[in-house]
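# Notes for the structure review
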Amino acid sequence: MKPIELIKDFFLVFVITFVVVSLVTYLYGLLVHSSGTFDWATSFRLAIVLGIVFSWLHYRERKKKITE
């Protein structure tokens, strides 16, 4: 797998996770605390972690398919 593909996978997962977690934290704050605020720190941290993990898992899957 080329490094550019790994970066694309990371970026795609990062953006999707960041948007979804931002919306979920906003809705949670709105419904539970009656103050709709985004939790940017949690969204950013979770997006980085999931971006790394899912990119790495996808890399391992593709590497396994190539060696078989």
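Everything numeric in this text was worked out from a predicted model, so none of it was measured. Residue indices follow the written sequence of each chain, beginning from 1 at its first position. Local features in this predicted model are restricted to residues of pLDDT 70 or higher, and side-chain atom pairs are both shown and tallied only at a pLDDT of 80 or more, whereas totals for entire chains, interfaces and linings draw on every residue. For the side-chain quantities, the full set of heavy atoms in the structure was used; hydrogens and water were omitted.

## Observations concerning the overall build of the protein chain
- Helix and strand counts for the protein chain come out as two helices and zero strands.
- Only the C-alpha atoms count toward the radius of gyration. The rule for a globule is 2.2 Å times the residue count to the power 0.38. In terms of C-alpha radius of gyration, the protein chain reaches 16 Å, well past the compact-globule figure of 11 Å for 68 residues.
- In terms of overall dimensions, the protein chain has a C-alpha envelope of 55 × 20 × 15 Å along the principal axes.
- For the protein chain, the proportion of its 68 residues judged to be buried stands at 18%.
- Here, two residues are considered to be in contact whenever any of their heavy atoms come within 4.5 Å of each other. Contacts in the protein chain between residues far apart in sequence, at least 24 positions, make up 60% of those at least 6 positions apart.
- Only carbon and sulfur atoms are counted for the fraction: they give 72% of the accessible area of the protein chain, which is about 5400 Å². The helix count covers DSSP runs of H or I at least four residues long, the strand count covers runs of E at least two residues long, and both are numbered beginning at the N terminus. Buried, partly exposed and exposed residues are distinguished by accessible area as a fraction of the type maximum, computed with a 1.4 Å probe on protein chains only: under 20%, between the cut-offs, and over 50%, respectively. Accessible areas in this description were obtained via Shrake-Rupley with a 1.4 Å probe; residue shielding takes into account the shown protein chains only.

## Section: helix α1 (residues 3–32)
- Helices are assigned an expected span. That span is 1.5 Å times one less than the residue count. Across its 30 residues, α1 extends 42 Å between first and last C-alpha, which sits within 8% of the 44 Å expected from 1.5 Å per residue.
- Listed in full, the buried residues belonging to α1 are Asp-9, Val-13, Phe-14, Thr-17, Val-21, Ser-22, Thr-25 and Gly-29.

## Describing unusual backbone geometry
- In the Ramachandran plot, Ser-34 falls in the positive-phi region, its phi being about 55° despite a non-glycine side chain.
- With respect to the helices, strands and loops of the structure, Ser-34 is situated in the loop between α1 and α2 (40–67).
- By relative accessible area, which is 63% here, Ser-34 ends up exposed.

## Quick word on the packing of α1 against α2
- Contact geometry of α1 with α2 gives a least axis separation of 7 Å together with a crossing angle of 145°. Handedness of the α1/α2 crossing: right-handed.
- Here the term charged refers only to Asp, Glu, Lys and Arg, the term nonpolar to Ala, Val, Leu, Ile, Met, Phe, Trp, Tyr, Cys and Pro, and the term polar to all other amino acids, Gly among them. Within the contact of α1 with α2, the residues separate by chemical class into 15 nonpolar, eight polar and three charged. Structural elements are reduced to axes, namely lines fitted to C-alpha atoms, with helices fitted over the stretch in contact, and the angle between N-to-C directions of any two is expressed from 0 to 180 degrees. By definition, turning the near helix anticlockwise from the far helix through less than a right angle yields a left-handed crossing, and turning it clockwise yields a right-handed one.

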